[in-house]
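# An overview of the molecular structure
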Amino acid sequence: MPKLGILAGGGVLPRRIAERRLESGERVFVIAFEGQTDPATVEGLEHAWMRLGATGAALKRLKEASVEEVVMAGPMRRPAFSDLTLDMRSVKALARAGRKAFGDDGLLSLIIEEIERDGFRVVGIDDVLGGYLMPAGAITESRPDENAEQDIARGLEVLAALSPADVGQAVVVQEGLVLAVEAVEGTDAMVARAGDVKRSGAPGPILVKTRKRGQERRADLPTIGVETVRGAIASGFRGIAVETGATIVIDREAVVEAADAAGLFVSGIVAAEPGEET
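Residues numbered from 1 in each chain as written. Predicted model: local features only at pLDDT ≥ 70, side-chain atom pairs only at ≥ 80, totals over all residues. Heavy atoms only, no water.

Where an unreviewed UniProt entry is consulted, the chain appears under the name UDP-2,3-diacylglucosamine diphosphatase LpxI, with the organism given as Nisaea acidiphila.

### So, the overall build of the chain
If you tally the helices and strands in the chain, you get nine helices and 13 strands. Its C-alpha atoms give the chain a radius of gyration of 19 Å, within 12% of the compact-globule value 19 Å for 278 residues. In the chain, which comprises 278 residues, the proportion classed as buried is 49%. A fraction of 73% describes how many contacts in the chain between residues 6 or more apart in sequence connect residues 24 or more apart. Separation between the mean location of the 33 positive side-chain charges and that of the 43 negative ones in the chain comes to 6 Å. (Helix = DSSP H or I, 4+ residues; strand = E, 2+ residues; numbered from the N terminus. Rg over C-alpha atoms; globule rule 2.2 N^0.38 Å. Buried < 20%, exposed > 50% of the residue type's maximum accessible area, 1.4 Å probe, protein only. Contact = heavy atoms within 4.5 Å. Lys, Arg positive; Asp, Glu negative; His and termini not counted. Charge placed at Lys NZ, Arg CZ, Asp CG, Glu CD.)

### Topic: the environment of Pro75
Structurally, the position occupied by Pro75 is in the loop between strand E4 (69-73) and helix H3 (88-97). A residue is classified by how much of its surface remains accessible, and Pro75, at 60% relative accessible area, is exposed. Separated by 111 residues in sequence, Pro75 and Gly186 have C-alpha atoms that sit 9.1 Å apart. Setting aside its immediate chain neighbours within four residues, Pro75 contacts Gly9, Gly10, Gly11 and Gln36.

### Regarding the pairing of strand E11 (residues 239-243)
The two faces of a sheet get side chains in turn, since along a regular strand they alternate between them. Burial runs high along E11: five of the five residues are buried. Where strand E9 (residues 206-209) meets E11, four bridges bridge the pair, whose relative direction is parallel. Looking at the pairing, Leu207 lines up with Ile240 of E11. In terms of strand pairing, E11 meets strand E13 (residues 265-269) through five bridges, oriented parallel. (Pairing = 2+ DSSP bridges.)

### A closer look at the sheet that holds strand E6 (residues 137-138)
Here we have six strands laid out as an open sheet, ordered E6-E13-E11-E9-E7-E8, and mixed in their pairing. Bordering the open sheet on either side are E6 and strand E8 (177-181), each of which pairs with just one other strand. The sheet contact formed by strand E7 (residues 170-174) and E9 spans four bridges and is antiparallel. The partner of Val171 across the bridge, within E9, is Val208. Against the sheet, helix H7 (residues 187-195) touches E7, E8 and E9, its axis set at about 140° to E8. (Axes fitted to C-alpha atoms, helices over the stretch in contact; angles between N-to-C directions.)

So, in structure tokens, the structure goes:
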């Protein structure tokens, strides 16, 4: 196996990927980002700390470490461009991208393009960390009823309409009403916000989360974990519906255990590309 470079955001996924490769006797090199990566992620690993915007320096370190493949893993809090100190490589890339760089998927596609420009092969999380993708149907004892299925369909409709704007990957729906749309705050913060405006006396809201249509699969796949479930429970939700085969479920056993204890469903759903039937 070629040596893997990990561009590490927050959360546990970068460390899980590194440990999986190390268990197989392979080598890894981690690029950790100041203010983004948990220091525990790189403990005991070959790594380098970088600031966001130092594209040229990061690629140089990957080359010096004899990396051949690169994976991007873990959420990144996206600062305003005005708050970043960009090197010349970043400035030129953003100039080429223009308005595309304002969207999350557009920016990630730009980063992948720059990595590949230097001869690295970019792989997806699901390529290096098998067994984490959401299967079809409910993984919990509770399952969506007919009313829940209607809210899920409404959520899919809204997400499909939002996809061209390259905004977020998730919405919250209750009785057909869209309570919240994910923006820069992220899924967990959106769930808490939706809990503040949910309708009392009605079945709880549902979190619906999918890829954007046509989204680059090698970066920023939708992700849920036990904290997502706990947040949904605290906010009075009745279920979570995420895209089958395209959503990463971290610590699935803990997710199921927490959801079952609260009677919350977690279900895999199909989200069609434009022109396809769901």
